[in-house]
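Survey of secondary and tertiary structure
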Amino acid sequence: MIILIDNGHGIDTAGKCSPDKRLLEYKWSREIAGLLCNFLKNCGYDAQLIVTEETDVPLSERCRRVNAICDKHGKDNVLLVSIHSNAAGSDNKWKLAGGWCVYTSPGQTKADTLATEIWNAANEWLRPYIDRFPMLQSKGEYDSRQRPIRADWTDGDPDYEARFTILTGTRCAAVLTESLFQDNKADVDFLLSDEGKNAIVRLHADGIMSYISKPDK
């Protein structure tokens, strides 16, 4: 199984940052993608970065790179994880949204199984964040609607469905994760901490490895 890791956005993408500019999504997602790729390689897996450039490689080119690998090795022997952090607005102001979630393309595919394995791992590795969430919510860091791990169970599994190009334009099992919110102060503090970075890397790694180990994937 070839594991392809995609990072969100590029240095030339406007607005993808925390209001205080401490978290730049292109930089943070590349750091997480690199750490994840190295972790998987150290565990004996064939893990590759789709984007090594700092510029914002177009989605069409990202999909082309993924599909070229699918054509060479077979789409059933490839999986893709695209790493992002979420945002509740585009006005460069702090918001009260928070939480982690995972997306797949619409319909039932192998990506749903991959997403579920990563979602299960998120519930384990984000336990410190989950445990602190109610206290921070009571202090006004999150509004009352927010949950630390988000899910949409309407079709029987926890992933959200969306027609994101990186999901619909690639032929292998592909998921996109939104790891917390870059415009929430508490989320940014966690995402930039060593504890948070390790948790985000490990939840992806454990979910991917669990999916690969399933005989009926």
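So, a few notes on the structure that sits alongside this text. (Residues numbered from 1 in each chain as written. Predicted model: local features only at pLDDT ≥ 70, side-chain atom pairs only at ≥ 80, totals over all residues. Heavy atoms only, no water.)

With that settled, consider helix α1 (residues 25–42). Across its 18 residues, α1 extends 25 Å between first and last C-alpha, which sits within 8% of the 26 Å expected from 1.5 Å per residue. For α1, the set of buried residues is Glu25, Tyr26, Trp28, Ser29, Arg30, Ile32, Ala33, Gly34, Leu36, Cys37 and Leu40. Positive phi shows up at Gly44, right after α1, with a value of about 95 degrees. (Helix = DSSP H or I, 4+ residues; strand = E, 2+ residues; numbered from the N terminus. Expected span 1.5 Å × (residues − 1). Buried < 20%, exposed > 50% of the residue type's maximum accessible area, 1.4 Å probe, protein only.)

It is worth spelling out the environment of Tyr129 at this point. As for its position among the elements, Tyr129 is in helix α4 (residues 127–138). With 61 residues separating them along the chain, Tyr129 and Phe190 place their C-alpha atoms 7.7 Å apart. If near-sequence neighbours (up to four positions away) are discounted, Tyr129 is found in contact with Gly98, Gly99, Tyr142, Pro148, Leu180, Asp187 and Phe190. For Tyr129, the side chain forms a polar contact with the main-chain nitrogen of Gly99, separated by 3.1 Å. (Contact = heavy atoms within 4.5 Å. Polar contact = N/O pair within 3.5 Å; in protein donor to acceptor, adjacent residues only side chain to side chain.)

On to the pattern of salt bridges. The tally for this structure, following the rule as stated, stands at 17 salt bridges. The closest approach of N and O atoms between Arg22 and Asp189, which form a salt bridge, is 2.8 Å. With Arg22 in the loop between β1 (2–7) and α1 and Asp189 in helix α6 (residues 185–192), this pair connects stretches of sequence that are 167 residues apart. For Arg22, a relative accessible area of 43% puts it in the partly exposed group. Salt-bridge contacts for Lys110 lead to Asp76; the nearest nitrogen and oxygen are separated by 3.3 Å. A residue pair is termed long-range when its members are at least 10 positions apart, and Lys110 in helix α3 (residues 110–125) and Asp76 in the loop between α2 (59–73) and β3 (78–86) qualify at 34 residues. The exposure class assigned to Asp76 is partly exposed, which follows from its relative accessible area of 43%. (Salt bridge = Lys/Arg side-chain N within 4 Å of Asp/Glu carboxyl O.)

Moving on, we get to the environment of Leu59. Locating Leu59 in the fold gives a position in helix α2. For Leu59 and Gly169, which are 110 residues apart along the polypeptide, the C-alpha to C-alpha distance reads 8.7 Å. Excluding anything up to four places from it in sequence, Leu59 contacts Thr165 and Ile166.

Our focus in this paragraph is the packing of aromatic side chains. In the structure shown here, the tally under the stated rule is 6 aromatic pairs. On the basis of an interplanar angle of 15 degrees and a centroid distance of 4.0 Å, the ring pair of Phe133 and Tyr142 is categorised as stacked. A single burial state applies to Phe133 and to Tyr142, both of which are buried. Put simply, the rings of Tyr129, Phe133, Tyr142 and Phe190 touch in pairs and so form one group of aromatic residues. (Phe/Tyr/Trp six-rings, centres within 6.5 Å; stacked < 30°, edge-to-face > 60°.)

Let us now look at the nonpolar core. Counting residues in hydrophobic clusters, the biggest one holds 45 residues, and the most contacted among them are Val81, Trp100, Leu126 and Ile208. Of all the elements, helix α7 (residues 194–213) adds the most residues to this core, at 9 residues. The residues touching Leu126, leaving out its near neighbours within four places in the chain, are Trp100, Ile149, Phe190, Ala199, Ile200 and Leu203. (Core = buried A, V, L, I, M, F, W, Y, C linked by side-chain atoms within 4.5 Å.)

Don't take any of this as a statement about function, it's just geometry.
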